[in-house]
Structures are given as structure tokens and as C-alpha cells.
Amino acid sequence: MASVSPVRHRQSPRRRSPSRSPSPRTKRLRRAQGEREVGRSREREDSRGREKRGAERERERRREGDKEKTRDKGDKRRGGSGREETEERKREGRDDDERQATRGRRERSTSPLDRSSRKSKRSPERASASRHDEGSNARGSGEEPNDEDDSIAKMKAAEEALAAKKKEEPSFELSGKLAEETNRYRGIALLFNEPPEARKPNKRWRLYVFKDSEPLDEPLQLHRQSCYLFGRERRIADIPTDHPSCSKQHAVIQYREVPVEKPDGMVEKQVRPYLMDLGSTNKTYINKDPIEPQRYYELREKDTIKFGNSSREYVLLHEGSAE
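What you see is a predicted model, and the numbers here were worked out from it, not measured in a lab. (Residues numbered from 1 in each chain as written. Predicted model: local features only at pLDDT ≥ 70, side-chain atom pairs only at ≥ 80, totals over all residues. Heavy atoms only, no water.)

Asks: Outline the sheet that holds strand β8 (residues 251-261), supporting the account with residue identities and numerical values.
Replies: Strand order across the open sheet formed by five strands is β7-β6-β8-β9-β12, with mixed pairing between neighbours. Two strands in the sheet have a free side with no partner beyond their single neighbour: β7 (239-240) and β12 (297-298). Relative to strand β9 (residues 267-277), β8 runs antiparallel, the two being bridged by 11 bridges. Within the sheet, the bridge partner assigned to Val-260 lies in β9 and is Glu-268. (Pairing = 2+ DSSP bridges. Helix = DSSP H or I, 4+ residues; strand = E, 2+ residues; numbered from the N terminus.)

So, in C-alpha cells, the structure goes:
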């Protein structure tokens, strides 16, 4: 019998599928991976820069510590060694804090995609606040400030200095004990100072004294001086008032040059009489009305003046007054 050779079926080669373009999902993943790698590289660079800055700061601190050690070598006190130990402990504590801060920053760091999404969600107010904080941190870390900020700060400092100078302008007026020392008459300090507008009167003013509606003696002439003092202190009073209710320095009549407007609108200066109470106990009266102390009240023709509880009345007239 003839041997039948087994038929071997050739396997048809697999057809290779045509090259497909990557799906948009894979594209996104690849892009995200690339961005993550870029972000990681940037973070590494930032961490390296921070480490370099920290190393520079440590070097500066060590230099300062070496300088302080050289200064303290000459001291033979016991406290010297303790100070060095405390300084070294402070430095070690600062280094530990910086290391912990860098570790926390590395752990909190995220991908740039997440950062961009978070930035987009932030409000403009938060963004401005973060910029301000970043600027303040940069200045505190030892970076040099901008020239514009320096010029603005200098301008503000100059304005404050000018304002302080204006506030502190010298005052050449007499005050306190110096005024009391210069304003003395016969060893007694006067309770008032004549104002700069004090003048002698142009009219011949007179005071007519009445008691119980009856005239007493001759009228008092009030045109020879720029002021007349009333009171019980006879050593300084120009017109003494001996009633016990009157004060030692009771009141003063002061002539002052003041501007007065005429009916035609023109302004001229005239010398007019004014009365001021010097803080008396029982007050001063004009036409039976009490006046406030330390204030000038203008006197007019035929005004009646009264001091304290005295029954005497002083009527102001001048030589041209109608009887």
C-alpha cells in the first residue's frame, strides 16, 4: 500500500493592521506627562536655587558667628561660653526650620495643570493679595527692591519730614513763667497783657461815678493811658475799688485799634474802649448784665459799669457827649 504523506497546511501570515494615529486620550496623557516632567524639572531647579541661597545664608551666618567669636575671645567672663552655645542652638533651630519648610514645599507641589486650574478659579482680589505677599517675601529674603519703590519711599519720607518741620515751627510768644516775670509791676504779677493793637484814645473819655443815683466827686479821666486797671490792690490799680466784694485785680478797660466799616463801604481804623473781667469772684456788669471773664466787650457811650456787689456805678461819656 502506498503511504499517504500527511498534508501540511501552511498557515497564512497575519496581516498587519495599518498604523493607527494615537487617540486624543493618549495625546492628553502624553501631554500631561510632558508637562509634569517639565514642572518637576522646574521644581528641582527651584529647590536647588533655594538650597544654594540657604547655603549662602549659612555661610554668612557662620562668618558673623566667627566674627563674634573673635570678639568674645578677649572676654574672660563665664557668660561668654553660654552665649556661644545659645547662638549655635539658635542657628541649628533656624536650619531645622528651613529644612522643614523646603520639605513641606516639595510635598505640597503639584502639576502645572492643577496650578493653572487653581489660578483660573482664584478671584482677582486674591491674585493681587498673593502678588503683594510674594513681593514682601522677596524683599524679606534679601532681594534688592525696585528703583521705583525706593524713589516712592524717599518722596514719602521727604513729605513727612516737611510736614514735621511745619508742625514744629518756633513760637516766639511769651508763655508760662517767662510771661509772668516780664509782666510785673511793683513786684506784683499782672493778670493781663496788653494786646499788640493797644493804642491811646483819640477822644477824651471820662467815667462819671454815681452812688444811689447821686454823683460823687469829679469824673475820672480815661484818655491819658492805653489801659486802666480796676481792683483793691492800690499799688497797681489805676482806679481803686475798695469794696470787699471786689478782687485785687478785678477788671481792665483797654483801648484797641480795630477796623471799622463806614456807611459808604470804606474801612478805617478807630481806637475804641473795651472792658475785660480778669476772673473776679463776684463778676463785672455792663448795664446790669454780667460779662464772661477773659473776654473783651466793647463799651459804648453812656454804658454803665458795676464791679462786684458795690453800689457804685460808673457811666462812660466823653467830652462831646450830650448832657
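This is not the end of the story, as more comes after the structure.
Asks: Got a sec to walk through the packing of aromatic side chains? Specific residues and values, please.
Replies: One pass over the full model with this rule turns up four aromatic pairs. Look at Phe-230 and Tyr-314: their rings are 6.2 Å apart centre to centre, the planes differ by 70°, and that puts the pair in the edge-to-face class. Of this pair, Phe-230 sits in strand β6 (residues 227-231) while Tyr-314 is found in strand β14 (residues 312-318), placing the two residues 84 residues apart along the sequence. Note on Phe-230: relative accessible area 0%, which makes it buried. (Phe/Tyr/Trp six-rings, centres within 6.5 Å; stacked < 30°, edge-to-face > 60°. Buried < 20%, exposed > 50% of the residue type's maximum accessible area, 1.4 Å probe, protein only.)

Asks: Help me get a handle on the environment of Thr-281, residues and values and all.
Replies: Turning to its location among the elements, Thr-281 is positioned in the loop between β9 and β10 (284-286). The exposure class of Thr-281 is exposed, given its relative accessible area of 66%. C-alpha separation for the pair Thr-281 and Ser-247, spaced 34 residues apart in sequence, amounts to 6.6 Å.

Asks: Outline the pattern of salt bridges, supporting the account with residue identities and numerical values.
Replies: By the definition in use, this model includes eight salt bridges. Its salt-bridge partner being Glu-319, residue Arg-204 comes within 3.8 Å of it at the nearest N-O pair. Residue Arg-204 is found in the loop between β2 (188-189) and β3 (205-211), and its partner Glu-319 is found in the segment after β14; the two are separated by 115 residues along the sequence. (Salt bridge = Lys/Arg side-chain N within 4 Å of Asp/Glu carboxyl O.)

Asks: Give me a negative patch on the surface: which residues, what numbers.
Replies: A cluster of acidic side chains, namely Glu-56, Glu-60, Glu-64 and Glu-68, defines a negative patch on the protein surface. By the element assignment, Glu-56 lies in helix α1 (residues 24-73). (Patch = residues over 30% accessible without salt bridge, like charges linked within 9 Å, V, L, I, M, F, W, Y side chains within 5 Å. Areas by Shrake-Rupley, 256 points an atom, 1.4 Å probe, with all protein chains shown as cover. Lys, Arg positive; Asp, Glu negative; His and termini not counted. Charge placed at Lys NZ, Arg CZ, Asp CG, Glu CD.)

Asks: So what's going on with the pairing of strand β13 (residues 304-307)? Which residues, and what values?
Replies: By the alternation rule, side chains of β13 split into Ile-305 and Phe-307, which are all buried, and Thr-304 and Lys-306, of which none is buried. Summarising the sheet, β10 and β13 pair through three bridges and their orientation is antiparallel. Pairing of Thr-284 across the sheet is with Phe-307, part of β13. Linking β13 to β14, which pair antiparallel, is a turn of four residues; within it Gly-308 sits at a positive phi near 60°.

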